[in-house]
Amino acid sequence: MTLLRSELTKLLVQKRTYVGWIGLVTIPLLMVVALNFASPAPRGGDAAANTAGAANSFFSLAADNGLLVPLAAIAVLTSFLLPLVASMAGGFQLAGEAESGTIKTWLVHPVSRGGVVLSKWAVAVAYLLAGLVLVAATCYAVGVALFGAHDPALLSGGTVSIAHGLWLTLLAYLYVGLGMIVVISLAVLFSTFTDSSLTATIGTLVLVIVMQIVGSLSYFDFLQPCLFTSHLDAWQNLFQGSIDWWPIGKGLLAFGAYIVVSTVAACCAFQRSDVLV
Amino acid sequence: MVLAAHGLTKIFDRLVAVDHLDLGVRRGDVFGFLGPNGAGKTTTIRMIFGLVYPTSGHVEVLDHRVPRDRREALRHIGGFVEVPAFYGNMSARRNLRLMGRLNDVTDEKRIEEVLDVVGLPDRADSKVGDYSHGMKQRLGIANALLHRPELIILDEPTSGLDPQGMKDVRELIRELGSGGTTVFLSSHLLHEIEQVCNRAVIINKGRVVVEGPVADLRPTSSSVKVLTTDQDRAREVLGQLVGPQAVANEEGYLVAEGSDEVVHEMVRRLVEEGIGVDAVIPAHEQGLEDYFLGLTRSSDVDAGPADPHKNGGAR
């Protein structure tokens, strides 16, 4: 707990913490402005059958209902900005401290190295989840103010009650959050191998992008189940008339495997590494 | 022993940074860890703190074996390696609060005390990022003292300090020693070790060159430098006593070889001859640095290369 508290203190005094959050909140704000002032796009569930265009679908639906703005936001953010913020959150942890030399100041105190890795991982996760909460809160506030709050429409057509819609949105955010915790775990692992936070961040981001590209090529279809990026959009199944839980379950399994393997590997690597900075 | 190293060895790839090093630091010692740059001092200190894993051998801190019992050992140690690093966007006080928590020190009074000891109370609320190198060194010492450890390890604590800063830090180390704290002081400055330490070891290329009480590390010279009111006559008198070849001229002084008894006789004879004696100084004071260099050079003959990561490296 001491380590966790200390990590939180450090997080909250860093300017980049707030820059990341501001970046995350800016995107939905711009989106809402575009929705409000752009000429009306085709609305309703017309595009619903096309899952690949789900972001567009939520975008269109959100123009009728402020309660759907948070979903349009994460559909947009999941492709790049969220992985970037998650990579930074994880990559700056150990490598950032190695860069500034503070890691050795930390480790000459009686702390466990595994505890240091886990507390840094936990703080990066808390940072990301707080960012998602900010995004959702901003989207609800601005979306409802501009577009009102109605029974949310589903991608497959039809509507659900507001309460049920809020519940589904919460599940969607938790699912995306878990997907981004994979990115954080990979970044923390990368940051145990380098004393450059930029290398750890960029390395993670490159891996995510490579996975996204490999996942989009039909030749590599056999790899799909192993790529966590292929499961990132599975939350959209929550907004079909009858929910197909299987893709979501597969995604959760893949996310869990990545998180556990990366974090255990990070703890082991840091446990055995020589700190020479 | 408060601190002991047994056959401590670290090899980076094929570079031998520390080579079967044995050390013994007793309770209350102000122990000098002396060696030229690149001798393996910092790598040794990293192994004591458990930052670097030895290739073979181990360290014992108050019977806790490092790296196996690293955390228990670190409860008894305070100190820093190379330049102390802190969070630049926080004040000194906040940094100390943060670090203190790791040793269960939450007492604000103790933070005030250590800031006072190192002369930083007026800048305690300034951001550490605005601190000079010397102030960071002082803050490093404050952090080392915070949990009242039994052993304090300081890696070149006076490096980069101005003369007054050096004097203050050396005075502080002396005070810690006289207060019963064991201090392990790494330095490449022989005179610094002489000023503050009671025991020392000289290492080079990762190996011990000589170890013992600081007084015994001095070269055993029997020469004296003599300054008189009449140097020409004095040279004749001393030449008669110890032989003309045993008297030399050096920067205005006469340097004469002779044991303590001969020195007494020299002074007596000079006075008898009516020559005023202004100064008789042990000549070895001038030769300490040369002696140190001689020791470390002679150990170069068959030793391997030194600490390759002194200025940082990959983790």
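Residues numbered from 1 in each chain as written. Chains lettered and ligands numbered in written order. Predicted model: local features only at pLDDT ≥ 70, side-chain atom pairs only at ≥ 80, totals over all residues. Heavy atoms only, no water.

Colleague: Please clarify how the confidence of the model for chain A should be interpreted in this entry.
Modeller: Note: predicted coordinates in regions of low pLDDT should not be interpreted at a detailed level. Residues and elements named next belong to chain A. The share of residues in chain A with pLDDT of 70 or more is 94%, and the mean pLDDT across the chain is 88. Within chain A, helix α3 (residues 54-62) has the poorest average pLDDT of any element, 71, and helix α8 (residues 162-191) the best, 96. pLDDT under 50 marks residues 41-52. Its contacts with residues more than four places away, or in other chains, come to 15 contacts. (pLDDT = per-residue confidence, 0-100. Helix = DSSP H or I, 4+ residues; strand = E, 2+ residues; numbered from the N terminus. Contact = heavy atoms within 4.5 Å.)

Colleague: I keep staring at the pairing of strand β6 (residues 77-80) of chain B and nothing clicks. Help me out?
Modeller: Side-chain positions along a regular strand alternate between the two faces of the sheet. All names here are of chain B. Burial along β6 is two-sided: the face carrying I77 and G79 and the face carrying G78 and F80 are both buried. Taken together, the 4 bridges between β6 and strand β7 (residues 151-155) define a ladder with parallel strand orientation. For I77, the partnering residue across the bridge sits in β7 and is L151. (Buried < 20%, exposed > 50% of the residue type's maximum accessible area, 1.4 Å probe, protein only. Pairing = 2+ DSSP bridges.)

Colleague: Is there a simple way to think about helix α5 (residues 133-145) of chain B in this case?
Modeller: Given 3.6 residues to a turn, an α-helix orients residues that are three or four positions apart in the same direction. Over its 13 residues, α5 of chain B extends 19 Å from the first C-alpha to the last, a length consistent with the 18 Å expected when each residue adds 1.5 Å. Within α5 of chain B, 10 of the 13 residues are buried, which leaves the element mostly enclosed by the surrounding structure. Along α5 of chain B, the residues classified as buried are G134, M135, Q137, L139, G140, I141, A142, N143, A144 and L145 of chain B. In this structure, the buried residues of α5 of chain B make contact with α6 (102-107) of chain A together with β6, α3 (92-101), α4 (108-117), β7 and α6 (163-178) of chain B. (Expected span 1.5 Å × (residues − 1).)

Colleague: So what exactly am I meant to see when it comes to the packing of aromatic side chains here?
Modeller: Centre-to-centre distance and the angle between the planes together describe a pair of aromatic rings. A full pass over the atoms with the stated rule returns 10 aromatic pairs over all chains. Measuring from centroid to centroid gives 6.3 Å for W235 of chain A and F239 of chain A, while their planes differ by 85°, and the two rings are edge-to-face. Just as W235 of chain A is buried, F239 of chain A falls in that class too. Joined through ring pairs, the aromatic side chains of Y18, W21 and Y127 of chain A make up one cluster. The aromatic ring of F270 of chain A is capped on one face by R113 of chain A, whose charged end is 5.6 Å from the ring centroid. Over the ring of Y253 of chain B we find K225 of chain B, and its NZ or CZ is 4.5 Å from the ring centre. (Phe/Tyr/Trp six-rings, centres within 6.5 Å; stacked < 30°, edge-to-face > 60°. Lys NZ or Arg CZ within 6 Å of the ring centre and 35° of its normal.)

Colleague: Where do I start with the sheet that holds strand β10 (residues 207-213) of chain B in this structure?
Modeller: Pairing between sheet strands relies on hydrogen bonds along the backbone, with the strands arranged either parallel or antiparallel. Residue and element names in this part refer to chain B. Strand order in the open sheet made by the 6 strands is β6-β7-β8-β3-β9-β10, with mixed pairing throughout. The outermost strands of the open sheet, each flanked by one partner alone, are β6 and β10. Each neighbouring strand pair of the sheet contributes to a mean axis angle of 15°, computed without reference to strand direction. Bridge count for strand β3 (residues 30-34) against strand β8 (residues 182-187) is 5 bridges, and the pairing is parallel. Following the sheet pairing, V30 is matched in β8 by V183. Across the face of the sheet, α5 comes into contact with β6 and β7 while running at roughly 170° to β6. Against the sheet, α6 contacts β3, β7 and β8, and its axis sits at roughly 150° relative to β8. (Axes fitted to C-alpha atoms, helices over the stretch in contact; angles between N-to-C directions.)

Colleague: It is not clear to me how the interface of chain B and chain A should be interpreted in this structure. Could you clarify?
Modeller: Put simply, an interface is often sized by how much accessible area is lost when its parts join up. Of the residues lining the interface, 33 residues belong to chain B; the matching set on chain A comes to 37 residues. Taken together, the connections running from chain B to chain A amount to 2 salt bridges. For K104 of chain A, the salt bridge identified is with E82 of chain B, shortest N-O distance 4.0 Å. Here chain B is connected to chain A by 17 residue pairs in polar contact (both at pLDDT 80 or more). In terms of residues, the side of chain B that touches chain A owes the most to one element, α3 of chain B, which gives 4 residues. Classifying every residue of the side of chain B that touches chain A by side-chain character gives 16 nonpolar, 8 polar and 9 charged. (Salt bridge = Lys/Arg side-chain N within 4 Å of Asp/Glu carboxyl O. Polar contact = N/O pair within 3.5 Å; in protein donor to acceptor, adjacent residues only side chain to side chain. Nonpolar A, V, L, I, M, F, W, Y, C, P; charged D, E, K, R; others polar.)

Colleague: Explain the sheet that holds strand β12 (residues 247-250) of chain B here, please?
Modeller: Residue and element names in this part refer to chain B. The strand order β12-β13-β11-β14 describes an open sheet built from 4 strands, whose pairing is antiparallel. Edge positions in the sheet fall to β12 and β14 (277-282), since each has one partner strand and no second. The sheet shows a mean angle of 30° between the axes of neighbouring strands, taken without regard to direction. Both β12 and strand β13 (residues 253-257) contribute to a ladder of 4 bridges, which runs antiparallel.

Colleague: Please explain a nonpolar patch on the surface as it appears in this structure.
Modeller: Residue and element names in this part refer to chain A. Together, F80, I209, I213 and L217 make up a nonpolar patch on the protein surface, roughly 340 Å² of accessible area in all. Within the secondary structure, F80 is located in the loop between α4 (69-77) and α5 (81-100). Classification of F80 by relative accessible area gives partly exposed; the value is 42%. (Patch = residues over 30% accessible without salt bridge, like charges linked within 9 Å, V, L, I, M, F, W, Y side chains within 5 Å. Areas by Shrake-Rupley, 256 points an atom, 1.4 Å probe, with all protein chains shown as cover.)

Colleague: Would you explain unusual backbone geometry in this entry?
Modeller: When glycine is set aside, most residues are seen to have a negative phi, and most peptide bonds are trans. Residue and element names in this part refer to chain B. Backbone torsion omega between V66 and P67 reads 15°, so that peptide bond is classified as cis. Here P67 is to be found in the loop between β5 (64-66) and α2 (70-74). Notably, H20 is not glycine yet its phi reads approximately 50°, a positive angle. Inspection of the secondary structure assignment puts H20 in strand β2 (residues 15-25).

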